[in-house]
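Examining the three-dimensional arrangement
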Amino acid sequence: MEEQHIWLYIVLQFLGYLMQMIPVLWLLYAPYQQKYLRFSKWRLLFVLSTALSAVAAAGAIYLGSLYGQGGSTVVLSNRGSLIFSGCLMAGTLTYFLSFRRGVKGQLLLYMLVVQYGLLLYSFNRITVKFWEVSFLPTMHPYSLATLLTYLVTIGVSFPFFYHFLKHGHIQELLRMNRSGLRMITGCSFMILVLMVLSLQMESLLTLEGVSGRGNVYISIWMLCLMAADVLSYVIYFGCLILEKEKSEMKSQLSSYRQQYKWLNERIEKEKKRRHNLRHHLRTMDTLAQNGQVESLQEYIARYLEEVREVELQKLSGNPVVDEVMSYYVVQAREKQIDLTCSMKIRENLALNLADMTVLLGNAMENALYGCETCEEKARKIRVMIRQFRKNLLIKVENRIPSGEYESLGANVRKGYGLESIDMIARKYQGSMDAVREEDKFVLRVILNILGEEGM
């Protein structure tokens with residue numbers, strides 16, 4: 001056999017292994033941030049890509065030696081499959097060992113990415129049945145037609161799938177409860193098993209030898225199976241979106257109920273204040289008629305002090321923010337917590353009362369709860385709200401006892417109503433960040449404001 005054919009065979013096998021393994025490797029780590037990994041993400045990808053390239057080169061040279069010795073198609077395909085299976089097992093073990101403890105969704109993501117690889121492989125097998133490069137000898141397991149098919153399919157599908165894993169609804173799957181995650185992982189595993197069995201049956205039928213029309217039938221069957229696989233995930237993600245919207249609607253309904261209760265309480269307080277005002281006026285009238293000037297002055301001074309405290313609750317000038325924050329100013333005073341507010345918002349900026357009640361209410365409840373167990377001198381809450389062009393910046397910082405939230409780590413995404421805050425932030429295309437900093441808990445929220453008419 002000519003030496004140039006052998007070297008061409010080695011190059012094709014090397015490129016074939018890389019095209020089949022490297023995209024899968026990068027997709028496996030796409031959704032995860034650095035904090036979930038034991039090692040540096042980019043260093044890990046570089047090391048694994050280099051290792052796969054070295055194994056691919058060694059495997060291609062080994063297959064090239066068999067090819068030069070006149071190895072049969074069956075032998076070359078089987079040995080090539082063994083090399084690929086070894087890489088797959090080693091990569092799988094490395095993948096699951098590279099995550100920190102407590103990270104959810106690795107198995108589900110693994111199933112999804114492997115099925116993506118199987119879809120590419122299935123489409124490749126269908127294509128090469130009807131298209132081979134005539135001026136080159138047939139080569140296994142990877143031929144020039146195989147490489148061209150992989151190049152086209154990866155170029156079309158990889159950017160979409162990578163974006164879906166990194167920014168799409170897969171993030172909602174990774175944050176779902178464990179029972180739901182186990183259910184979808186089990187279903188994904190069953191789909192994967194059915195795909196592998198179907199490919200095995202297709203391979204056995206091919207070995208039996210079928211006519212050209214038989215190849216067409218088998219190819220249509222495989223395409224229908226691939227379409228059913230993709231549609232099953234499309235349907236599931238559609239149901240996931242509907243469930244998410246349903247949950248948000250329930251939360252919104254709960255916030256409106258809270259708003260209604262809040263307004264009723266404010267109306268009752270206003271009625272009591274007006275009722276008490278009549279008593280104040282009668283008392284002052286009685287003191288004036290009796291000529292008790294000093295007692296009258298003292299009574300008026302006390303009354304003005306109470307009025308001044310109420311006016312001080314107008315912290316920002318914006319009626320919605322003041323409506324929500326005034327209640328927590330009183331709560332902080334009753335619990336002997338030092339609350340400092342720094343707020344600069346336009347008075348005419350129309351904010352949604354229900355959303356601000358949920359956001360600020362949960363943030364302040366969280367802060368009050370954190371301060372309650374601190375020593376009395378250490379009970380401090382700092383609230384800052386700023387409007388910067390089209391952004392509303394909110395920062396709530398409170399002291400916490402030493403060791404509080406320690407088990408949750410430095411970055412905290414759940415607990416104490418933070419899920420509701422995160423939902424409101426995402427509703428307005430913003431973001432939420434909750435961080436533990438030594439003896440402080442800091443919550444930062446950014447909301448995008450659409451204009452003068454409000455959010």
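Look up a bit, the structure's there.
So, a few notes on the structure that sits alongside this text. Note that the coordinates shown come from a computational prediction; the quantities given were computed from them, not determined experimentally.

Criteria and cut-off values
- Residues numbered from 1 in each chain as written.
- Predicted model: local features only at pLDDT ≥ 70, side-chain atom pairs only at ≥ 80, totals over all residues.
- Heavy atoms only, no water.
- Helix = DSSP H or I, 4+ residues; strand = E, 2+ residues; numbered from the N terminus.
- Buried < 20%, exposed > 50% of the residue type's maximum accessible area, 1.4 Å probe, protein only.
- Contact = heavy atoms within 4.5 Å.
- Areas by Shrake-Rupley, 256 points an atom, 1.4 Å probe, with all protein chains shown as cover.
- Pairing = 2+ DSSP bridges.
- Axes fitted to C-alpha atoms, helices over the stretch in contact; angles between N-to-C directions.
- Parallel < 35°, antiparallel > 145°, perpendicular 65-115°, else oblique.
- Left-handed = near helix turned anticlockwise from the far one by under 90°.
- Nonpolar A, V, L, I, M, F, W, Y, C, P; charged D, E, K, R; others polar.
- Expected span 1.5 Å × (residues − 1).
- Phe/Tyr/Trp six-rings, centres within 6.5 Å; stacked < 30°, edge-to-face > 60°.
- Salt bridge = Lys/Arg side-chain N within 4 Å of Asp/Glu carboxyl O.

Side note on the overall build of the protein chain
- Each helix and strand counted, the protein chain has twelve helices and five strands in total.
- Looking at the protein chain residue by residue over its 455 residues, the buried ones come to 40%.
- Long-range pairs, those at least 24 residues apart, make up 73% of the contacts in the protein chain with a sequence separation of at least 6.
- Of the accessible surface of the protein chain, which amounts to about 25900 Å², a share of 61% is contributed by carbon and sulfur atoms.

A look at the environment of Val445
- Along the chain, Val445 falls in strand 5 (residues 440-448).
- Counting along the chain gives 20 residues from Val445 to Ala425, while the straight-line C-alpha distance between them is 6.8 Å.
- Beyond its immediate sequence surroundings of up to four residues, Val445 is in contact with Leu359, Leu392, Leu393, Ile394, Ile421, Ala425, Ser431 and Met432.

Examining unusual backbone geometry
- One non-glycine residue, Gln336, lies in the positive phi region at around 60°.
- Positionally, Gln336 belongs in the loop between helix 10 (319-334) and strand 1 (338-344).
- Its relative accessible area of 48% is what places Gln336 among the partly exposed residues.
- Although it is not a glycine, Gln429 adopts a positive phi angle of roughly 50°.

Thoughts on the pairing of strand 2 (residues 380-388)
- Residues of strand 2 alternate between two faces, with Ile381, Val383, Ile385 and Gln387 buried on one and Lys380, Arg382, Met384, Arg386 and Phe388 left unburied on the opposite face.
- Examined bridge by bridge, strand 1 and strand 2 share seven bridges and lie parallel to one another. Considered in strand 2, the bridge of Ser342 is made with Met384.
- Relative to strand 3 (residues 391-399), strand 2 runs antiparallel, the two being bridged by eight bridges. When the sheet's bridge partners are listed, Met384 is paired in strand 3 with Lys395.

A closer look at the packing of helix 1 (residues 3-28) against helix 4 (residues 106-128)
- Packing of helix 1 against helix 4 leaves a shortest axis separation of 10 Å and a crossing angle of 155°. Classified by the angle their axes make, helix 1 and helix 4 are roughly antiparallel. For the pair helix 1 and helix 4, the sense of crossing is right-handed. Contacts between helix 1 and helix 4 involve Gln20, Val24, Leu27 and Leu28 from the first element and Leu109, Tyr110, Val113, Tyr116, Gly117 and Tyr121 from the second.
- Looking at side-chain class alone, the contact of helix 1 with helix 4 contains eight nonpolar, two polar and no charged residues.

So, helix 11 (residues 353-372)
- Its 20 residues place the ends of helix 11 27 Å apart at the C-alpha level, agreeing with the 28 Å of an ideal helix rising 1.5 Å per residue.
- The element helix 11 is extensively covered by neighbouring structure, given that 16 of its 20 residues are classed as buried.

Remarks on the sheet that holds strand 4 (residues 431-437)
- Spatial strand order, 1-2-3-5-4: five strands in an open sheet with mixed pairing. Single-partner strands in this sheet number two, and they are strand 1 and strand 4. Ignoring which end each strand starts from, the neighbouring axes of this sheet average 10° apart.
- Here nine bridges tie strand 3 to strand 5, and the two strands are oriented antiparallel to one another. Counted as the bridge partner of Arg399 is Lys440 from strand 5.
- In the packing of helix 10 onto the sheet, the strands contacted are strand 1 and strand 2, and the crossing angle to strand 1 comes to about 165°.

Let's talk about the packing of aromatic side chains
- Under the defined criterion, the tally for this structure stands at 14 aromatic pairs.
- Arranged with centres 5.5 Å apart and planes meeting at 50°, the rings of Phe96 and Tyr110 form a pair that is tilted. Here Tyr110 lies in helix 4 and Phe96 lies in helix 3 (residues 73-97), a separation of 14 residues in the sequence.
- Given the relative accessible area of 31%, Phe96 is considered partly exposed.
- Each residue in the set Tyr29, Tyr32, Tyr36, Tyr95, Phe96, Phe99 and Tyr110 is aromatic and connected to the rest through ring pairs, giving one cluster.

A closer look at the pattern of salt bridges
- Taken as a whole and assessed by the stated rule, the structure comprises eight salt bridges.
- Between Arg382 and Asp338 there is a salt bridge; the shortest N-O distance is 3.4 Å. Here Arg382 is found in strand 2, whereas its partner Asp338 is found in strand 1, with 44 residues between them in sequence.
- Taking relative accessible area as the criterion, Arg382 reaches 30% and is therefore assigned partly exposed.
- Accessibility expressed as a relative area gives 37% for Asp338, which makes it partly exposed.
- Of the charged contacts, one joins Arg444 and Asp433 as a salt bridge, the two residues approaching to 3.9 Å between their closest N and O atoms. Of the two residues, Arg444 is situated in strand 5 and Asp433 in strand 4; the sequence distance between them amounts to eleven residues.

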